[in-house]
Amino acid sequence: MDALLARLGAARGAFVTAWNPCSRAMPWGWNDRMGQRLRAATRRIPRAEGWGRARGWGEQHLLLATDPRRAAVIARRFRQNAIVVIRRGQKARLVLLRAPQCSAPSRVSK
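Residues numbered from 1 in each chain as written. Predicted model: local features only at pLDDT ≥ 70, side-chain atom pairs only at ≥ 80, totals over all residues. Heavy atoms only, no water.

1. Details of the overall build of the protein chain
Then step 1. The helix and strand tally for the protein chain stands at three helices and five strands.
Then step 2. Going from the N terminus to the C terminus, the protein chain shows its helices and strands as α-β-α-β-β-α-β-β.
Then step 3. The C-alpha radius of gyration of the protein chain comes to 15 Å, within 12% of the 13 Å expected for a compact globule of 110 residues.
Then step 4. Viewed in the frame of its principal axes, the protein chain has a C-alpha envelope of about 55 × 30 × 25 Å.
Then step 5. The buried share among the 110 residues of the protein chain stands at 37%. (Helix = DSSP H or I, 4+ residues; strand = E, 2+ residues; numbered from the N terminus. Rg over C-alpha atoms; globule rule 2.2 N^0.38 Å. Buried < 20%, exposed > 50% of the residue type's maximum accessible area, 1.4 Å probe, protein only.)

This is the structure in structure tokens:
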């Protein structure tokens, strides 16, 4: 991670995604559109793109080379529960965000 941050010209950054808001699995097409919106919203921030997968859950993410507080604001805009903050020479840490506005699943009436 240190080398990646150095390549981006940063001492710190945060992993942010727009996929699966509120920890609810969303269809691939929806997630892809939200990922495009996240890239557009962060086009002026130095970044790297990646993919994470574990235990049946996968998400595309961006490493944003910016102050973690700015990354948290962006993540909340995309209704995310957490970001992963990294700093050169330190271990990565999960930062829980204040609860995003997540509405209850809608019910289809018959």
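Now that the structure is up, let's keep going.
2. Thoughts on the pairing of strand β2 (residues 47-54)
Then step 1. In this structure, β2 lies alongside strand β3 (residues 57-64), joined through eight bridges in antiparallel fashion. Each residue of the ladder has a partner; that of A54, found in β3, is W57.
Then step 2. Where β2 folds back on β3, the antiparallel hairpin that results is connected by two residues, among which R55 adopts a positive phi of roughly 50 degrees. (Pairing = 2+ DSSP bridges.)

3. Observations concerning the packing of aromatic side chains
Then step 1. Going through the model one piece at a time under the given rule, you end up with three aromatic pairs.
Then step 2. Between W19 and W51, the aromatic rings sit 5.0 Å apart at their centres with planes inclined by 80 degrees, giving edge-to-face as the arrangement. One end of the pair, W19, is in the loop between β1 (12-16) and α2 (28-41); the other, W51, is in strand β2, and 32 residues separate them in sequence.
Then step 3. When the centroid spacing of 5.7 Å and the interplanar angle of 50 degrees are considered together, the rings of W28 and W51 count as tilted. (Phe/Tyr/Trp six-rings, centres within 6.5 Å; stacked < 30°, edge-to-face > 60°.)

4. Description of the pattern of salt bridges
Where side chains of opposite charge bring their charged atoms close, a pairing between them can arise.
Then step 1. In total, this model carries three salt bridges according to the counting rule given.
Then step 2. Ionic pairing is found between D67 and R12, a salt bridge with its closest N-O pair at 3.1 Å. Of this pair, D67 sits in the loop between β3 and α3 (68-77) while R12 sits in strand β1, placing them 55 residues apart in sequence.
Then step 3. Under the relative-accessibility criterion, D67 is labelled buried at 17%.
Then step 4. Here R12 falls in the partly exposed class, since its relative accessible area comes to 31%.
Then step 5. Here R39 and E49 are joined by a salt bridge, their closest N and O atoms 4.0 Å apart. Of this pair, R39 sits in helix α2 while E49 sits in strand β2; the two residues are 10 residues apart in sequence, bridging distant segments of the chain.
Then step 6. Overall, the relative accessible area of 48% leaves E49 in the partly exposed class.
Then step 7. Here the salt bridges share partners, and the residues they tie into one network are R12, D67 and R69. (Salt bridge = Lys/Arg side-chain N within 4 Å of Asp/Glu carboxyl O.)

5. Here we look at unusual backbone geometry
Then step 1. We note that C22 has phi near 55 degrees; this positive angle belongs to a residue other than glycine.
Then step 2. Looking at where C22 falls in the secondary structure, it is placed in the loop between β1 and α2.
Then step 3. The phi dihedral of S23 is positive, around 60 degrees, even though this residue is not glycine.
Then step 4. Note on placement: S23 falls in the loop between β1 and α2.

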